[in-house]
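In case you want the letters, here they are:
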Amino acid sequence: MKLKIAIQKSGRLHEDSIKLLKECGIDINNGVNKLKTEASNFPLEVFFLRDDDIPQYIEDGVADIGIVGENVVLEKQKQVNIVQKLGFGKCRLSMAVEKSFDYTGIQDLHNKRIATSYPVIVGDFLKSNGISAEIHEISGSVEIAPGIGLADAICDLVSSGSTLFMNGLKEVETVLKSEAVLAACHDLQPAQQQLLDKLLFRIQAVRKAKN
Ligand code: PRT
Ligand code: ZN
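Quick caveat: nothing in here was measured; it's all calculated off a predicted structure. (Residues numbered from 1 in each chain as written. Chains lettered and ligands numbered in written order. Predicted model: local features only at pLDDT ≥ 70, side-chain atom pairs only at ≥ 80, totals over all residues.)

### Digging into the overall build of the protein chain
Right, on to step 1. Check the secondary structure of the protein chain and you find 6 helices and 11 strands.
Right, on to step 2. A principal-axis box enclosing the C-alpha atoms of the protein chain has dimensions of 55 × 35 × 30 Å.
Right, on to step 3. Burial analysis of the protein chain (211 residues in total) assigns 32% to the buried set.
Right, on to step 4. Long-range contacts, defined as pairs at least 24 residues apart, comprise 64% of the intrachain contacts of the protein chain with a sequence gap of at least 6. (Helix = DSSP H or I, 4+ residues; strand = E, 2+ residues; numbered from the N terminus. Buried ≥ 20, exposed ≤ 12 C-beta atoms within 10 Å, placed from the backbone. Contact = placed C-beta atoms within 7 Å.)

Right, here's the structure in full:
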């Protein structure tokens, strides 16, 4: 019996996900372009996937657990449990407008066009603030939308803020603070739950040692 974990194949969370497993004493040999591998010293099978697909795989039980940004978990609205925050991949989902926009508060977004790759989270945020706006879902290069006249504002992930700055934008509202999390399937078999508990114990020890 093995625990199946999904991690990002490549991208911002890939290295840190592997590093976390290593710090937990788990050796995995991740050859280039491998989609699946096994740990040599822990009953763990590792799937390398697009981050966007990870919540679905966990909901379906194809993977028992996964490492993914909380932002992706919330946007995808899949039935998964967030069992542990992992302290890396930190960022925020923020509203931004052009530097010249005389922004005084959230009411300034009323009836505006907002470009984002996070329509669900942004929709909830606007609704809870009583703002009605037009959401334009785009999958990438969100930051250029105001400059090309596609939108009045954007909502995108920010870490250093340099991408916004380089595109002549300023951050005006934080919608969500996010970091990588360990997410788990709702109905794990007892054997898998035991393995998850063992892994969690190690993760928590690693995290404690860092603080
Ligand atoms: O290929 P795949 O679909 O798996 O990856 P992806 O391209 O969708 O995601 P990826 O690798 O870019 O990000 C994975 C996760 O990392 C995100 O879901 C977040 O949880 C987390 N993360 C942390 C970030 C950032 N920081 C971040 N800065 N994800 C994206 N960005 C982007 C942001 O979209 C913007 O374009 O970086 C740019 C801004 O960075 P700054 O430093 O200029 O502010
Ligand atoms: Zn993605």
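So, next bit.
### Quick notes on helix H1 (residues 14–23)
Right, on to step 1. Within H1, burial applies to Ser17, Leu20 and Leu21. The buried residues of H1 occupy one face: seen down the axis, they fall within an arc of 95 degrees. For H1, exposure combined with an orientation more than 90 degrees from the buried face picks out Glu15, Lys19 and Lys22.
Right, on to step 2. Residues of H1 that are buried in the fold lie against strand S1 (3–8), strand S4 (65–69) and helix H6 (190–210). (Arc of directions from axis to C-beta.)

### A short note on the environment of Lys170
Right, on to step 1. Within the secondary structure, Lys170 is located in strand S10 (residues 169–178).
Right, on to step 2. On the basis of neighbour counts, which here come to 16 C-beta atoms within 10 Å, the residue Lys170 falls in the partly exposed class.
Right, on to step 3. The spacing of Lys170 and Glu137 is 33 residues in sequence and 20 Å in space, taken between C-alpha atoms.
Right, on to step 4. Those residues in contact with Lys170, other than ones at most four positions away along the chain, are Ala96, Val97, Lys99 and Leu164.

### Remarks on the domain arrangement of the protein chain
Right, on to step 1. Structurally, the protein chain comprises domain 1 (3–89 + 179–210) and domain 2 (91–177).
Right, on to step 2. Summarising the inter-unit geometry, the C-alpha centres of domain 1 and domain 2 are found 30 Å apart.
Right, on to step 3. In this complex, domain 1 contributes 5 residues to the contact, which on the side of domain 2 involves 7 residues.
Right, on to step 4. Class assignment for the residues of the side of domain 1 that touches domain 2 results in 1 nonpolar, 3 polar and 1 charged. (Domains from an automatic or database assignment. Nonpolar A, V, L, I, M, F, W, Y, C, P; charged D, E, K, R; others polar.)

### Some thoughts on the sheet that holds S10
Right, on to step 1. If you trace the 5 strands from one edge of the open sheet to the other, you get S8-S7-S9-S6-S10, paired in mixed fashion. Because the sheet does not close on itself, it has two edges, and the strands there are strand S8 (134–137) and S10. Between one strand axis and the next, the sheet turns through 25 degrees on average, direction left out of account.
Right, on to step 2. In this structure, strand S6 (residues 91–98) lies alongside strand S9 (residues 153–158), joined through 6 bridges in antiparallel fashion. The residue of S9 that forms the bridge with Val97 is Ala153. (Pairing = 2+ DSSP bridges. Axes fitted to C-alpha atoms, helices over the stretch in contact; angles between N-to-C directions.)

### Brief notes about the pairing of S8
Right, on to step 1. Two elements, strand S7 (residues 113–116) and S8, share 4 bridges in a ladder whose sense is parallel. In the strand pairing of S8, Ala115 is matched with His136.
Right, on to step 2. After leaving S7, the chain enters helix H4 (residues 119–128) and then returns to the sheet as S8, a path that is right-handed. (Right-handed = clockwise from strand over helix to strand, strands pointing away.)

### Examining H6
Right, on to step 1. In this model H6 runs 30 Å from its N-terminal to its C-terminal C-alpha over 21 residues, within 8% of the 30 Å that 1.5 Å per residue would give.
Right, on to step 2. As for H6, its buried residues are in contact with S1, S4 and strand S11 (180–185). (Expected span 1.5 Å × (residues − 1).)

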